[in-house]
Amino acid sequence: MPIHDQSYRRYAGAREQLGNAWLVIAGSGIRGIIRKRRFLGLLLFAWMPFFVRAIQIYLAANFPTMSMLAATAETFREFLEQQGLFVFLITVWVGAGLIANDKRVNALQIYLSKPLTRIEYVAGKLAILAVFLLLVTWVPAMLLLLLQMLFAGSFAFVRANLFLFPAITVFSLLQVLLASFTMLALSSLTKSSRYVGILYAGAVFFTDAVYGVVYSVTDNSSLSWMSFPANLRQLGDVVFRLRPRYETPWIVSLMVVAALIGVSMLVLERRVRGVEVVA
Amino acid sequence: MADPAPPAVAPPRAPSFVEASLRVFDLTLGQMLWSRRTIFLALVVGAPVALAALFKALEAAGLAGIRVSGTRVAGPMVFGIFIWVLYLRFIIPVLGVFYGTSLIADEVEEKTITYLFTRPIARAAVLGGKYLAYLVCTVLVVLPSVVLVYLLMVPIRGGGMASSFPSLVIDLGLLGAGLAVYGAFFTLIGAWLKHPLITGLVFAFGWEPGVLMIPGYLRKFTIAYYLQALVPQGMPQEGVASLLQSVFRDVPSTWVCLLSLAVIGIGSLVVAGWVVEKREYVLEQ
Amino acid sequence: MTLAAFAPAAAAPIVEATALSKWYGQVIGLNDVTVSVPPGVTGLLGPNGAGKSTFMRLMTGQLKPSKGSIRVLGEPIWGNPRLYFRIGFCPDQDAFYDRMTGLDWLAALLRLNGYGEQQAGEAARRALETVDLLDASGKKIGGYSKGMRQRVKLAQAIAHDPDVLILDEPLSGMDPIARRRTIRLIKDWGRAGKSILVSSHILHEIEAMTPTILLIHNGRILAEGNVHQIRDLIDEHPHTVYIKGADPRALARRFLAHDDVLSLKFEDGAVIVETARPDAFYARLTDLAASGEVGAVDEVTSPDDNLQAVFKYLVK
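Here is a short report on the structure shown in this document. This is a predicted model, so every value here is computed, not measured.

**Observations regarding the interface of chain A and chain B**
Interfaces are often sized by the amount of accessible area the parts lose when they come together. Of the residues lining the interface, 22 residues belong to chain A; the matching set on chain B comes to 31 residues. When residues of the side of chain A that touches chain B are traced back to their parent elements, those giving at least two are α5 (84-95) and α12 (193-218) of chain A. Take the side of chain A that touches chain B: its biggest share by element is 16 residues, from α12 of chain A. Among the residues forming the side of chain A that touches chain B, the class breakdown is 14 nonpolar, six polar and two charged.

What follows is the structure, encoded as structure tokens:
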């Protein structure tokens, strides 16, 4: 027709299936964060240990005099433990404002007024943090394993240490899930991302400090379960088939980690709502 | 609505820097004491007291053997461990980071900074008043917690309270100084940087512990180096890190420590005041 | 014609901006603004995102100019806290110390203005009474309604009796009755000798307060001065005149004889004319009405001699 209608037009295109909205939240969140140059600097810095280890593996594989640098299962365990610092920093940087910022600008109501479930919202936010954490844990660790094969020119190491594939995956997942869930739960408690960051840092360092006092005073490492980082360290030793460094049974450490994730989920269930119900 | 107000009597003069700071202190102290940060503060300083009470109860019931390096020890040594491991290495720096980096940032985030910066007082006076409020708030909460821990732990296994009292006084003084200096330093970080929290955490829990293990002059670029030199109790040996630290530890004289802490603290506050005067704070729309 | 032309001869401008620009990274907030705001009540008008709040924040020393300069009461405002004795600012953001009562908050801010404790309390009470909040002065601000919060913000701006008031969207969130009262208050303050710069994107609010406007859009000043004179200067938009009379067709026949009449249309008992030369048209209309040749002329109005028309013509 000659005169075109300028009024509102209904969307006539295809619609995504319900249940994929978390991908949209994750995608836009990730894009927003990688636009920040300082954060990219931190990510780059987080990969420095990878480059150092890669050089170590290369030297050990190609120079017989450097064979004392040869990788063992413990090398990968140590690498992931060292990455714990970057896991902490990225969790605080990326995770503190994930839900807190939405609460501050009342965006939570807007999100949840869309055809989007709370689970999708939480999954999307979780995915944002998990992607960056896996990028500094699982991805470089797996790459190191690959480099080991490539530099050595044989599968001997991998065949002898086949358990490293699941070990790296399980331990990375433990690190990522614990950090992501606890940070997201804290972020849902308040509107200030700074407050969330300090609460998280407090929880991590405080429990370690309290355990430090208890250990100093009792000489007993079976109470290491009270320190969040110590539980992860204990599980890491077990997963990599190393001698556990604490006397705490590994099952207790696993239960503490599981309980933390469980409590975080409960907190998220209570706090991620479109409206606050005031009794 | 009533008619326009008759002109009020104009104030005779603008408040001086100190007067203005004190008035901001008045305004801020109540906010700080009754904010949700206080919950965090209460948890952080309450935990050592709870832990001390637990140890006391277990010792009294004959259930726990308080021992260090396999040897049963008296209360004053345990109190020393609390001072080193909990207060000095954790509570003081974390409170400094928590409050210091937020003094101005909180007001900017809440958008209440406008009301303070459109008054006929120097911006540095606003910062000064808020810093004073932080110091009073934390000192009033932390030091009594230390005293309580002292009262609970020191008498264990016949520890002498009279003989340990001078150490307590020194501990209280150095922890107060720690709060002041860490607070001032992180106030500067908060006034100057865009991501003060990350920087503060990296400094307090990355730079300081790391550098203190390395022999050389780098440790002089920490606050912990000077504070730890003032602690009357011996450093506990908890592991490789503290063993390394104690091996490479050099202890500056008391006067050097006090002077250095004063320079760091006052210098940080002066620079922070200058930054706040020069910087513009753009509020989020 | 500039705003300064409307000021009494000896009065210095309250705000002088010279080639003033402000940008935030790649975003330009204010673009090469040169304007002098005279004493009296001036409306700062513009759509959302035009640069009104940026301009006000520059005027109140919260932002530094990226380029150019801004002077308030003859002095640079940045880094000059003494000026705040004479300036009262009501910001647009809804931000308070929610745990404080209205009275305590006002008194604390007055203490920062150098008031003694007793003086501060008295001045705070006076200000709260002025904005009709004295009854709620003992209640925490966190429990105030949106309108009450807006009024307590206004109270803190006037409490120290400043010479200049800078009000950023002061009517936002108020109910119609409170709006009317506040508009009256602003006009009273203007008559009492205060200089007031009030911003809004709601045209009839500004129209009710003052005919002197500063129109801003996309960070630039579009027009300044009396709204009617600005309208007269907008040549490319013909003036619309509504004439109700006994014989509209006879009127129309007479109008069509002149080439400044661009269009005519008829409504119930009236004719609506668009003319490019309103002065000449009104003179002819007066003569026609006086002669009685076209019957009685009951009503003559100009639907577009107002701020809305000015805004529409300049912004779009």
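From this point, the discussion proceeds with the structure in view.
**Description of the environment of Ser-224 of chain A**
Residues and elements named next belong to chain A. By the element assignment, Ser-224 lies in the loop between α12 and α13 (228-239). In sequence terms Ser-224 and Val-210 are 14 residues apart; their C-alpha atoms lie 9.7 Å from each other. If sequence neighbours within four positions are ignored, Ser-224 has contacts with Tyr-211, Ala-230, Gln-234, Tyr-246 and Thr-248.

**Remarks on the arrangement of the chains**
Of all two pairs of chains in contact, the one with the most contacts involves chains B and C. Between chain A and chain C there is no contact; the minimum C-alpha to C-alpha separation amounts to 13 Å.

**As for the packing of helix α7 (residues 161-192) of chain B against helix α8 (residues 196-212) of chain B**
Residue and element names in this part refer to chain B. Look at α7 against α8: their axes get within 9 Å of each other, and the N-to-C directions meet at 145°. The two elements α7 and α8 meet at a crossing, and its hand is right-handed. Contacts from Phe-186, Ile-189 and Gly-190 of α7 reach α8 at Pro-196, Thr-199 and Gly-200. Its residues placed into classes, the contact of α7 with α8 shows three nonpolar, three polar and no charged.

**Observations regarding helix α8 (residues 248-255) of chain C**
All names here are of chain C. The complete set of buried residues in α8 reads Pro-248, Leu-251 and Phe-255. Down the axis of α8, the smallest arc covering the buried residues is 60°, so these residues share one side. Tucked into the core, α8 has its buried residues touching β11 (239-245), β12 (261-267) and β13 (270-275).

**Thoughts on the interface of chain C and chain B**
Facing the 40 residues of chain C at the interface are 33 residues of chain B. Of all the elements in the fold, those that place two or more residues in the side of chain C that touches chain B are α2 (102-112), α3 (117-130) and α5 (176-191) of chain C. Sort the elements by how many residues they give to the side of chain C that touches chain B and α3 of chain C lands first, with six residues. Residues belonging to the side of chain C that touches chain B are distributed by class as follows: 20 nonpolar, 10 polar and 10 charged.

**Focus on the pairing of strand β3 (residues 41-45) of chain C**
Residues and elements named next belong to chain C. The element β3 is extensively covered by neighbouring structure, given that five of its five residues are classed as buried. The alternating pattern of β3 places Val-41, Gly-43 and Leu-45 on one face and Thr-42 and Leu-44 on the opposite face, and all of these are buried. Here β3 pairs with strand β8 (residues 195-200) via five bridges, running parallel. Bridging from a neighbouring strand, Gly-43 pairs with Val-198 of β8.

Conventions adopted
Residues numbered from 1 in each chain as written. Chains lettered and ligands numbered in written order. Predicted model: local features only at pLDDT ≥ 70, side-chain atom pairs only at ≥ 80, totals over all residues. Contact = placed C-beta atoms within 7 Å. Helix = DSSP H or I, 4+ residues; strand = E, 2+ residues; numbered from the N terminus. Nonpolar A, V, L, I, M, F, W, Y, C, P; charged D, E, K, R; others polar. Axes fitted to C-alpha atoms, helices over the stretch in contact; angles between N-to-C directions. Left-handed = near helix turned anticlockwise from the far one by under 90°. Buried ≥ 20, exposed ≤ 12 C-beta atoms within 10 Å, placed from the backbone. Arc of directions from axis to C-beta. Pairing = 2+ DSSP bridges.

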